[in-house]
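Residues per chain are reported as follows:
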Amino acid sequence: MNTKTIKVDYLARVEGEGALHVAIDAGKVESVRLEIFEPPRFFEAFLRGRQFVETPDIVARICGICPVAYQMSSVHALENALGLEVSEQVRALRRLLYCGEWIESHVLHMFMLHAPDFLGYEGSIEMARDHPELVARGLELKKAGNALIRAIGGREIHPVNIRVGGFYKAPETSVLRELRDKMLWARDAAITTIRWASQLDYPEFERQYEYVAMSHPHEYPMNEGRLVSSAGLDIAVDAYEEHFEEIHVPHSTALHSTLRQRGVYFVGPMARFNLNTSRLTPIAAELSAESGLDRGCHNPFKSLLVRGLEVLLACEEAIRLIDAYEPPVDCAEDPTPRAGTGFACTEAPRGILFHRYEIADTGQIRLAKIVPPTSQNQAVIEQDLRELVGRNLALADEPLRHLCEQSIRNYDPCISCATHFLDLHVDRR
Amino acid sequence: MLALGNRFRRDDGIGAHVLDMLRTQLPDGGTIDLFERIDDALGIIASWENAALAVVIDAARPGREAGRIDRFDHQIDLIPHDLAACSSHGLGLAEAVRLGELLGRMPERLIVYAVQAQSIGNGTGLSGPVLLAGREVFSRVWNDLQGFNIAPREDAGRAV
């Protein structure tokens, strides 16, 4: 027996932490285990007994990169439980807020976490020394997204203006109009970025996936729609748990999500893009074709390109919403507590984020269930790794380790929503 | 004022705790911006650029004496590379400093307070040593602000 172990202290450039074990025996991949040491489902437990009105402010703290996603899924689920409908103006404001988060979250990943892989750098610092203009563009794009969140959410980290029923205060029209020029610049910067990304050298890697995303009859999905898949799933969000289940795998404390009787599935920008190409704006569709993605994107390494397209979509949508903005007459419907169960799914930057709440007639949360997109992608990440390692057994351990890390980074896993730390071990026997 | 870390991970919330104390003292509508839990280098840079003074407060990974306070003044000290490797940051403070220097996006003055954590598990509330350290950090930060003629708000009581 000849055993070789490669250990990496941490998986670089991934939000949060995790551990990866790959076992190779006689030239065959025996097992791939992405070990996520998830803290006990702290927030689900923490919410029990709290008043439902506290939920948006609490769940925002699950993630420092995507707080809006958690807030949006929570308010939609709670409004579903309470039988509350918001106005069109509130709906539009929420969509504009989500545009801000998509921009800042995608840009952070593209420029700081993913781009170094394709330019041959260990990290963004080294990349910034040689490409300061690239990093500076990323910084300004992130600031544009943050500005939208701050204008509507009250502050850019853990927005404070979101409530069940709407917002505490609607932004003045002048405040949003002031952001229009910034969003015009951001749109053009996104186009530049997509064209830059389309010239990068991507590893060849495609395989069959079942993509799952939301779908809306009129718009690229963010807050609303049905759940659909590339294998024919088409369900209302409240049927999520009839079709998806979380299972415990021995090697991970993060639960794995599967489609009942079908297995592994894929969420996130690539799934959204492939299932919603008819909802692209003309500019996004043109750039998608220019980038060779007009028939879809099935190479997860090219998710960088897809994120660029979604940044462009978010910028265009933000401009449209700013131009059409009318402050709501009432920025919130006052919620009346009642016993009930509510469901919601929104498209976090990393994929569908499902929430379910059971509320008592006192307004206290009796049960909270939160299924983050990164949890849902654990299994497909492992499958990618198994396939990738199998195709690259001839590589020495160090480049193989780097390729595995890069493969995980394709999914922009926000493991801070689900886990704690990472090591990489490759055992060759 | 930038508080890194997560107030739902016990001592990782020391920065947020100090910001809470500052909020009770700082006047409304002043020239001081408070940022909590900025989890990435770009966000840190976006927060502190154009600032005359940026003060960053974060927890340091457990391993040394809990509650120990290390203060770094960027004008004279090197910010340790692993200083902010405590919580779930992708690219943290040290990277923000290096990127900020490369891009010319640094505040005029940067001071960092790192408080040695005892526990960074899930939950709220600071450990005893870190809670005590928080009061000391608050005093030092208030002292750092004295060059900017910041008077406490009229209804300021004792900081919590």
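Everything in this summary refers to the structure shown in the same document. All values derive from a computational prediction rather than experimental measurement.

1. Structural notes on the packing of helix α4 (residues 88–119) of chain A against helix α15 (residues 397–409) of chain A
Residues and elements named next belong to chain A.
Okay, so step 1: Here α4 crosses α15 at 150°, and the two axes come no closer than 10 Å. The orientation of α4 with respect to α15, classified from their angle, is roughly antiparallel. Judged by the sense of rotation from one axis to the other, the crossing of α4 with α15 is left-handed. Between α4 and α15, the contacting residues are His-109, Leu-113, His-114, Asp-117 and Phe-118 on the first element and His-402, Gln-406 and Arg-409 on the second.

2. Let's talk about the environment of A:Val59
All names here are of chain A.
Okay, so step 1: As for its placement among the helices and strands, Val-59 is situated in helix α2 (residues 55–59).
Okay, so step 2: Linking Val-59 and Ser-73, residues 14 residues apart in sequence, is a C-alpha distance of 9.5 Å.
Okay, so step 3: The contacts of Val-59, once residues within four sequence positions are left out, are Leu-47, Tyr-70, Gln-71, Ser-74, Tyr-357 and Ile-370.

3. Details of helix α12 (residues 303–324) of chain A
Okay, so step 1: For α12(A), which comprises 22 residues, the first-to-last C-alpha distance of 31 Å matches the rise-based estimate of 32 Å (1.5 Å per residue) to within 8%.
Okay, so step 2: Across the 22 residues of α12(A), 19 count as buried, placing the element largely inside the fold.

4. Description of helix α2 (residues 41–48) of chain B
Okay, so step 1: Among the eight residues of α2(B), eight are classified as buried, and the element is accordingly described as predominantly covered.
Okay, so step 2: Among the residues of α2(B), those classed as buried are B:Ala41, B:Leu42, B:Gly43, B:Ile44, B:Ile45, B:Ala46, B:Ser47 and B:Trp48.

5. Comments concerning the state of the cysteines
Residues and elements named next belong to chain A.
Okay, so step 1: Scanning the entire structure with this criterion turns up zero disulfides over all chains.
Okay, so step 2: For Cys-297, which is in no disulfide, the shortest distance to another cysteine sulfur is to Cys-315 and amounts to 20 Å.
Okay, so step 3: Cys-66 supplies the cysteine sulfur nearest to Cys-345, a cysteine that is in no disulfide, at a spacing of 14 Å.

6. Some words on the interface of chain A and chain B
Okay, so step 1: Across the boundary between the two partners, chain A contributes 34 residues, which contact 32 residues of chain B.
Okay, so step 2: With both sides pooled, the region where chain A packs onto chain B buries about 2700 Å², and carbon together with sulfur makes up 67% of that total.
Okay, so step 3: When the buried area of chain A at its contact with chain B is split by residue, A:Arg61, A:Ile125 and A:Leu139 rank highest and sum to 21% of it.
Okay, so step 4: For the interface between chain A and chain B, the tally reads two salt bridges.
Okay, so step 5: For the salt bridge of A:Glu140 with B:Arg105, the shortest nitrogen-to-oxygen distance reads 2.6 Å.
Okay, so step 6: Applying the counting rule to chain A against chain B returns two residue pairs in polar contact (both at pLDDT 80 or more).
Okay, so step 7: Of the residues in the side of chain A that touches chain B, the class split is 18 nonpolar, seven polar and nine charged.

7. Here we look at the pairing of strand β3 (residues 54–60) of chain B
Residue and element names in this part refer to chain B.
Okay, so step 1: Burial analysis of β3 places seven of its seven residues in the buried class, which makes it a mostly covered element.
Okay, so step 2: Sheet analysis places strand β1 (residues 2–3) next to β3, joined by two bridges and oriented parallel. Its bridge partner being in β3, Leu-2 is matched across the sheet by Val-56.

8. Quick notes on unusual backbone geometry
With glycine set apart, most residues show a phi of negative sign, and most peptide bonds adopt trans.
Okay, so step 1: Positive phi is not limited to glycine here, since A:Gln261 has a value of about 65°.
Okay, so step 2: A positive phi is found at B:Asn50, a non-glycine position, where the angle reads about 70°.
Okay, so step 3: In this fold, B:Asn50 is placed in the loop between α2 and β3.
Okay, so step 4: The class of B:Asn50 is exposed, set by a relative accessible area of 74%.

Thresholds applied
- Residues numbered from 1 in each chain as written.
- Chains lettered and ligands numbered in written order.
- Predicted model: local features only at pLDDT ≥ 70, side-chain atom pairs only at ≥ 80, totals over all residues.
- Heavy atoms only, no water.
- Axes fitted to C-alpha atoms, helices over the stretch in contact; angles between N-to-C directions.
- Helix = DSSP H or I, 4+ residues; strand = E, 2+ residues; numbered from the N terminus.
- Parallel < 35°, antiparallel > 145°, perpendicular 65-115°, else oblique.
- Left-handed = near helix turned anticlockwise from the far one by under 90°.
- Contact = heavy atoms within 4.5 Å.
- Expected span 1.5 Å × (residues − 1).
- Buried < 20%, exposed > 50% of the residue type's maximum accessible area, 1.4 Å probe, protein only.
- Disulfide = S-S within 2.5 Å.
- Buried area = accessible area lost by both parts, 1.4 Å probe.
- Salt bridge = Lys/Arg side-chain N within 4 Å of Asp/Glu carboxyl O.
- Polar contact = N/O pair within 3.5 Å; in protein donor to acceptor, adjacent residues only side chain to side chain.
- Nonpolar A, V, L, I, M, F, W, Y, C, P; charged D, E, K, R; others polar.
- Pairing = 2+ DSSP bridges.

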